[in-house]
Structure formats: C-alpha cells, structure tokens
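# Examination of the molecular architecture
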Amino acid sequence: MTLPSAPELRVDLDALAANFAALQRRAGAAEVAPVLKADAYGLGQGPVARRLWHEGARRFFVARRSEGEALRSDLGPRTAEIFILDGYLGDGPALRAAALTPVINTQEQIAAWRASAPAQDHPSPFALQVDTGLNRLGLTVAEALSLAETPEARDCQLVLSHLACADTPDHPLNARQARALAALRPAFPKARFSLAASSGIFLGDDFRFDMVRPGVALFGVGPFETPHPEIRPVARLTAPVLQIRHVAEGDTIGYGAGFIAPHALKIALVGAGYADGVLRSSGANGYGFVGGERRPFVGRVSMDILALDVTGLSDVHPGDCVELFGDHLRLEDVARAANTISYEILSRIAPRVTRTYLGDDGDGRP
Ligand SMILES: *Cc1c(COP(=O)(O)O)cnc(C)c1O
C-alpha cells in the first residue's frame, strides 16, 4: 500500500446508496429527490449523481444554473429532471438548452420564464417555492393562492416549501409550516408537493407530502445533526503525518506562539490546513484520530499544516494517516467542536483535496 501523501476525501458510494435506501424507507410513498448543490456538498457531483441515479433517483435539486448544467453533463444520456433552487434569473435559453426546470420564487419570475419560451404554446414547466415561515426565497401563501387562479398555474408541476427549524423537532414552527403548505393543496390539484429536507423526513408523516429533498443525510449526517443508526458515514477526510517533533515544557507551538507546552510534548505535524477546509476557527477545539486515539489540535491551524498532540503514542510516524472526520470521528461531532454544522465542514473541503471513491458509480467506474 502506498502511503497517503496529501489530504484525501474518501467517498463511500455504497454507504451513499444505503443512505438513499434508508431515506426511501422512511419517506414511504414519497419520492426521494436528492439535493446536490455545492458539488454534492463537496463530495463530487458526478460520481454521487450517477450512483444515486443507478439507485433509482430521477429528480435532483441544485442551487445554481451552472450546477444544473454540470449535473446534466454528468448524467449524460440518463433522463432526470433537474430543478434550480435559486429561481429564474432571465437565463431562459440556457435553462431550456440544458432542460433545467426553474424553481420560481416570485410572481415576476413566472412571467419572465414564460416569455422566454420559443413559441407561445411551448410548455414552460416550473416548480413553485412558497414561503411558509423561513422567510427566505418564495412567494407568500397569499401570492401563491392568487397565482393559482391564473392560467400560468397550469405549468406548475411541484409546489415546495422549506422548513426553518427541522433540526429542532419540537419547534412549533414545524407543524405550522406543514399546515400552511397542506392548505395550498386544493389550489394546485395537479401539482405535487414537497416540504421535507433531511431532518424533515424524520419529523413524521405530516412532513413527507409527495416528494422529499434530502441533501446532508445522503452524505452521512444524521437527522438533527446527531448520528443515527440508519445513516452511515459517507465521507472520510484524512491527511498524512509530515513530521514528528518533541517540544520541551514552556516551548510554544505555531503562529502567534499562543500555545505554550505545559510539559514536554510529542507533536505530529499533519499536512492539512485551512486551505484544505480544516477551519482555522476550530483551533483549540479541533481533534484528529491517529494511533487508535482521538488527539487534540495544538496551536493555530495554518494554511497547509496543523499540529496534533500525540504525546504517549509511540506508534505514530511520518506517513501515517490521520483521520479528521470519518468512521472514528463522526462529522456531526467534529462540526459541533468547531462551533458549526456538518454542512459547512463538508462544503468547505477545498478543490485541492483529492476525492477518491469507494464502490462504483453504477457504471462500474468510480
Ligand atoms: C439545501 C436544501 C435542501 C437540502 O437540505 P438538507 O438539510 O441538506 O437535506 C432541501 N431544500 C432546499 C430548498 C434547500 O435549499
């Protein structure tokens, strides 16, 4: 086996497939439509999308048109519907060229989307986002009701809304949002409805509607940012030990000399830093797994290097592999220690980190 020489993000496509199946079981009759924005949360859109298609996914969401175009080319001849969450931004010809479906977020966007059709009777299918309490994108409930009375509503295939507090199961806003969306059903009798993202799938039957839109749970993060027996870790970030050093009591470690060794320490310098996506702000609370143990960061995270306290571990050497999250260190816990959420940890993994894939993408290739 060759030793890892640089940080590596290993993506387990079989675990991804298992998570898709687990979410499908939870979703019952609702369709599971994966959300692959931000390069599939940093895991790499192509292999992830192809494997999910192989597992049966036929509708996908991304944030931007450029992501939709990339996904269309990643999927090649496979037929799939791709929704663009950011809305319709006057890019009609480009959307139509790549067969992308906008998620319409304002009344003006509908007219503009229809006006971009090559002929008047040309279909302009769209999804409609209705804001039921997040106060992010989407029409108000009142705007949606008045739109429902117009001929434009005919092309509305999907009505979706997004939960503000899905990761807080007992927050009263959750049920209020579900009721508000359900109340729109009679106004859009031909459209399908969707509310839940990852955590929402675990909130119960009232949240599943016709389609669920998981992102982070597919990628190994349990509902409510807590490890869950049905969700397997998918991503593992590792980096090599570059050098071992011994420092004396009172020595300082790293930039700013902010860390002072309380006693003699053995330090592993690890080849990963904030330019790889290891948050500098995780500083004193970060940790890595090496030599069978979880060990804390010491001193500041620098651009390419961080230091781990490996005092007492005789079996740690240059070239050894340090896990920064994965099977031993759950992403949810690493995120909490860094005072953030798993979404940010994953989506910040830098392009210079090599992605490798375990299992295949459904076409027999990684
Ligand atoms: C990002 C996003 C999702 C997926 O959210 P997860 O919590 O990662 O499952 C679903 N719907 C919308 C509108 C989103 O922006």
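Here, every reference points to the structure presented above.
Now for a description of the structure that goes with this document. (Residues numbered from 1 in each chain as written. Predicted model: local features only at pLDDT ≥ 70, side-chain atom pairs only at ≥ 80, totals over all residues. Heavy atoms only, no water.)

### Some details on the overall build of the chain
Short version of the rule: Each helix corresponds to a stretch of at least 4 residues labelled H or I by DSSP, and each strand to a stretch of at least 2 residues labelled E; elements are numbered beginning at the N terminus. Relative accessibility under 20% of the residue-type maximum defines a buried residue, over 50% an exposed one, and the middle range a partly exposed one, all with a 1.4 Å probe and only protein chains included. Contacts between residues were defined by any pair of non-hydrogen atoms, one from each residue, lying within 4.5 Å. Per-residue accessibility takes into account occlusion by the displayed protein chains alone, with areas from the Shrake-Rupley method and a 1.4 Å probe. When charges are counted, neither His nor the chain ends are considered; positive counts come from Lys and Arg and negative counts from Asp and Glu. A single reference atom marks each charge: NZ on Lys, CZ on Arg, CG on Asp, CD on Glu.
When its secondary structure is counted, the chain shows 11 helices and 18 strands. Expressed along its principal axes, the backbone C-alpha trace of the chain runs to roughly 75 × 45 × 35 Å. A burial count over the chain gives 52% of its 366 residues as buried. Contacts in the chain between residues at least 24 apart in sequence constitute 65% of all its contacts with a sequence separation of at least 6. Of the roughly 15,900 Å² that the chain leaves accessible, carbon and sulfur atoms contribute 52%. One way to put it: in the chain the 37 positive side-chain charges average out to a point 2 Å from where the 42 negative ones average out.

### Examining the site of the ligand
The line we're drawing: A molecule or strand has a residue near it when one of that residue's heavy atoms lies within 4 Å. Counted as a polar contact is a pair of N or O atoms within 3.5 Å, where, for protein atoms, one must be capable of donating a hydrogen and the other of accepting one, and residues adjacent in sequence contribute only when both atoms are in side chains. Here a cavity denotes grid points, spaced 1 Å and computed from the protein atoms alone, that fit a 1.4 Å probe unable to get out, and a pocket denotes an open set having protein on both sides within 12 Å along at least 5 of 7 lines; residues with an atom within 4 Å of a point are the lining. Whether a molecule sits in a cavity or pocket is decided by its atoms, more than half of which must lie within 2 Å of the grid points. In this classification, Asp, Glu, Lys and Arg are treated as charged, Ala, Val, Leu, Ile, Met, Phe, Trp, Tyr, Cys and Pro as nonpolar, and every other residue, Gly included, as polar.
Neighbouring residues of the ligand: 13 residues in total, closest Lys 37, Tyr 41, Ser 198, Gly 215 and Tyr 343. Here an oxygen atom of the ligand sits 2.5 Å away from a polar atom, N or O, in the side chain of Tyr 41. Side-chain polar atom of Arg 213 to a nitrogen atom of the ligand: 3.0 Å apart, as the coordinates give it. A total of 390 Å² of accessible area belongs to the ligand in isolation, and the protein chains cover 92% of it. Taken atom by atom, the bulk of the ligand overlaps the largest pocket. Considered class by class, the residues forming the shell around the ligand number 7 nonpolar, 3 polar and 3 charged.

### Overview of helix H7 (residues 141–148)
Just so we agree on the cut-off: Summarising the geometry, the arc corresponds to the directions from the helix axis toward the C-beta atoms.
Taken as a whole, H7 has its buried residues at Ala 144, Leu 147 and Ala 148. Along the axis of H7, the buried positions cluster into a sector of 100 degrees, meaning they face one direction only. Elements that come into contact with the buried residues of H7 comprise helix H6 (107–115) and strand E6 (126–129).

### With respect to the side chain of Arg 213
What counts here: A pairing counts as a salt bridge when a side-chain nitrogen of Lys or Arg comes within 4 Å of a carboxyl oxygen of Asp or Glu.
The topology assignment puts Arg 213 in the loop between strand E9 (211–212) and strand E10 (235–247). Buried and unpaired, Arg 213 has Asp 131 as its nearest opposite-charge partner, separated by 10 Å. One polar contact links the side chain of Arg 213 to the main-chain carbonyl oxygen of Ser 161, over a distance of 2.9 Å. In terms of polar contacts, Arg 213 uses its side chain to reach the side chain of Ser 194, at 2.8 Å.

### Some remarks on the pairing of strand E17 (residues 321–325)
Selection criterion: Pairing between strands is defined by DSSP: at least two bridges between the two strands are required.
Counting buried residues along E17, 4 of its 5 residues qualify, which places the element largely inside the surrounding structure. Relative to E17, E10 runs antiparallel, the two sharing 4 bridges. Directly across from Thr 238, in E17, lies its bridge partner Glu 323.

### Regarding the packing of aromatic side chains
Let me state the cut-off plainly: Side-chain rings of Phe, Tyr and Trp (the six-membered ring for Trp) are treated as a pair once their centres are within 6.5 Å; stacked means planes under 30 degrees apart, edge-to-face means over 60, and tilted covers the remaining angles.
Going through the model one piece at a time under the given rule, you end up with 4 aromatic pairs. A centroid spacing of 5.0 Å and a plane angle of 50 degrees characterise the contact between Tyr 41 and Phe 219, whose relative ring orientation is tilted. With a gap of 178 residues between them, Tyr 41 in helix H2 (residues 37–41) and Phe 219 in the loop between E9 and E10 connect regions that are remote in the sequence. No difference in accessibility class separates Tyr 41 from Phe 219, as the two residues are buried. Residue classification places Tyr 41 among the buried positions, given a relative accessible area of 7%.

### What about empty space enclosed by the protein?
Sizing a probe to match a water molecule and rolling it over the atoms shows the empty space that remains. We apply this condition: Grid points are joined across faces, edges and corners, and a volume is the space filled by probe spheres set on the points.
Per the stated rule, a full pass over the model turns up 2 cavities of 30 Å³ or more. Its boundaries defined by the atoms lining it, the largest cavity holds a volume of some 150 Å³. For the largest cavity, the lining is made up of 16 residues, of which Val 278, Ser 282, Leu 324, Val 334 and Ile 345 are closest to its centre. The set of elements that each furnish at least two residues to the lining of the largest cavity consists of E17 and helix H10 (331–337). Among the residues making up the lining of the largest cavity, the classes are represented as 12 nonpolar, 4 polar and no charged. By volume, the second largest cavity is sized at about 50 Å³. Lining the second largest cavity are Phe 219, Gly 220, Pro 233, Val 234, Ala 235, Gly 326, Arg 330, Leu 331 and Glu 332. In terms of residue class, the lining of the second largest cavity is built from 5 nonpolar, 2 polar and 2 charged.

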